Every structure is written in structure tokens, then in C-alpha cells.
Amino acid sequence: MLRLILVDLRRHAARTGLTAVGIAVGVAIIVALLGLSKGIERSASGIIQLGGAELGMFQAGVGELTASSLPRLLVERVGEQRGVAEAAPATVATGELPGEPSFLVFGLDPAGFVLQRRVFIEGRRPRRETEAVVGAAAARELGLSVGETLDLTAGSYPIVGIYQSGVAFEDQGAVLGLETVGRMRGRENDATTIAIKLAPGARSAEVAQRLQAVFPGTFVISEPGQVERLDTNALLIRKAAVVFAGLALLVGGIVVTNTMLMAVFERRSDFALLLAIGWPRPMVARLVFAEGVLLSLVGAVLGAGLGVVAGEFIVRAVDASALVDPHYTAGTLGRAVLVALATGAVGSLYPAWWVTRLRPAEALE
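Report follows, based on the coordinates.

About the cut-offs
- Residues numbered from 1 in each chain as written.
- Predicted model: local features only at pLDDT ≥ 70, side-chain atom pairs only at ≥ 80, totals over all residues.
- Heavy atoms only, no water.
- Helix = DSSP H or I, 4+ residues; strand = E, 2+ residues; numbered from the N terminus.
- Buried < 20%, exposed > 50% of the residue type's maximum accessible area, 1.4 Å probe, protein only.
- Contact = heavy atoms within 4.5 Å.
- Salt bridge = Lys/Arg side-chain N within 4 Å of Asp/Glu carboxyl O.
- Polar contact = N/O pair within 3.5 Å; in protein donor to acceptor, adjacent residues only side chain to side chain.

## What about the overall build of the chain?
Across its full length, the chain carries 13 helices and twelve strands. Within the span of the chain, comprising 365 residues, buried residues form 48% of the whole. In the chain, once contacts between residues fewer than 6 apart in sequence are set aside, the share between residues at least 24 apart is 78%.

## Focus: the pattern of salt bridges
According to the stated counting rule, one finds six salt bridges in the structure shown. The closest approach of N and O atoms between glutamate 131 and arginine 128, which form a salt bridge, is 3.2 Å. Classification of glutamate 131 by relative accessible area gives buried; the value is 2%. Judged by its relative accessible area of 54%, arginine 128 is exposed. Between arginine 203 and glutamate 206 there is a salt bridge whose closest N-O contact spans 3.8 Å. Judged by relative accessible area, glutamate 206 falls into the partly exposed class, the value being 42%.

## With respect to the side chain of threonine 180
Within the secondary structure, threonine 180 is located in helix 7 (residues 178–185). In contact with threonine 180, not counting residues within four places along its chain, are Glu129, Thr130 and Tyr157.

## Some words on the side chain of threonine 91
Along the chain, threonine 91 falls in strand 3 (residues 84–94). In terms of polar contacts, threonine 91 uses its side chain to reach the backbone carbonyl oxygen of aspartate 190, at 3.4 Å. For threonine 91, the residues in contact, after removing those within four places along its chain, are Val105, Phe106, Gly107, Leu178, Val181, Gly182, Arg185, Asp190, Ala191 and Thr192.

Here it is, written out as C-alpha cells:
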């Protein structure tokens, strides 16, 4: 049976190729969107876990994490709450480096645990508000070193150290003083988030719930999976992936149905001959059905690879590689392949049924 399927697919190579490409485009969109959604979630988790923080406090009701704004006066009160070992403010600014709109500038307290946990591979820790330290990845990409200046839209800042945290999200940015970055954002006395280190034995979920009750209008995140409840970007992309999956199933099913009906009509005499020599009708139907599924599988494999490339291209095209790193898992690729196989199965049902109604005597006339 497999040989017969392969012979027919090769016989109509152009039609096979166009159908596979059509399915591949749908699969590629799904893979790219899911990869971007996961990448946004991972980037958001980087903000949540700055400096190894176990909780991140943000302003409730904002569309994205970096839009959060909390009064820095809350930091001391947060640190006094039961279950909290230490609290440190952090401010995040984007778009401050000319030509690099996704470059991140962190405003940190030099005495806070977020900066203290960074390992300096060159230079020293900052001592003044206007002294800059740069992540190792950013230093490599931008060709920066200790003794040079970090030229931002708000001014030039001397680089006194190069750090490495082991977290790509942090190593691709730079650090200045809290008030300096606050002025860049137009919110000198605010922070984007309050990073929280838990006391030994404290449970993150319980502490998060307690903090939200004590500080109304805040949202405390303990796990990356909670990001969608605050950051709508990841949620919208994930929803879009679901919508595209449905559209791919619908459109792909129509395309496969059309392709398989054309194949069945053109091979009426072949199928009639198979029926005449004793092939059971269900076996002939399975032949048509299997051909449609195999065609979809080819499109799925092609689309999975195309989706990975498309996700990387989108990030680079909008110059957001420092903010979002598309992440693809076996589950992501598996879901896209399942959609493609479902497309082939749905699209092959009617052609497979039609061939069982074929009358050999009439088809061989």
C-alpha cells in the first residue's frame, strides 16, 4: 500500500508539492506563534526572578510587566512582612540605546541582593548612581569594556564593571542607579517591580497571597506560568495560535479534500481495477485516507522547520532579540504536527468515502 501511495505522490509532484506547502504554511504560523509565546513567558519570568528572586511584585492591571509602576516607599514595608527575608526594588527601561530598541537598562540598588548576586568578571560594582555596569553578553555584542562609556539617549555613563549572572535576560542589559533609570522612565520615585527573597521555610504561594492582601492594587507572581494573568502579550499570542490552529485545520482540510478528490477522479480506473480484482472497499478507502495523511505529514515536517526559522526572523526583524528568545519544545512541535495530521485526516474522509461508492463496471467503461 505504501508503494502505491508513493507512486501516486511522485506522479503528481507539482500538485503534491503545492498541497504540502499550503499545509506547511499553516503549521509554520502555529509553530512560530507558540515559540514566541513561550519566549515572552520566559523573558517575563526573567523579570520576575531578577537576581534569583523567588517572588516578583508588580502593579495590577497593566498590559505588560515593564509598564508596572510601584512606589519605592513600599519596599521597606514589603521587607517587614512575614515570610519575606529581603525585598529590593528594580526599574526596567527599554529603548534607551540608539539603534537597539530592545536593549534593557536595569535600575538597581547597589546594596540590594539583586545586584549583589551578580558576578563581576571585569572591573567593580557601581558606587554612584551614574556609574554603569554592563552584562557580559551585551558587552560582547556591543564591543564595550571597562573604562568606556555607555551612550544612551539620556546621556553617557562611565562603565566601571562587566557582570555575569548566568541568566541571558540579565546578561544582555546594563545596570545604572535606581533614580537614574527612574528619570529615564519619567518616574524617579517608582520601581517597575519589587524583587522578593523568601525566608527559610516560607511558601511562595502563601506569601504571595498575603502580600496582595496587605498591598491592594499589586500582583505578586511566584511562577512563570502566572505571567499571562498580568502580561497580555503572551496571552494574546497564545490565543492567536489557537485561532490559527483552527483556521489551519479548516483551510487545510478543504485543500486536502480538493487534492484528494482530484486524485480519486483521475485514478477512477485504477481504483475500479483494484475493486475488480478483489480488493475490499474498506482497504481502498484506507489507501486514499493514508495518502492524505502522509501528504499532511510531509507538510507538517516542512512547516515545523519553517516555523522555527520564521520565529527567529520575526524577532530579528523587529529587533527584539534581547527581549524575546523564541523557545521551541517537543510539545510545541508535536501540537503543530497533530494539527497537520488532523487536517489530512479530515480532508481525506470524503474522498475515502467517495471511492467506496465507486462501481467497477462503470468506471472501467
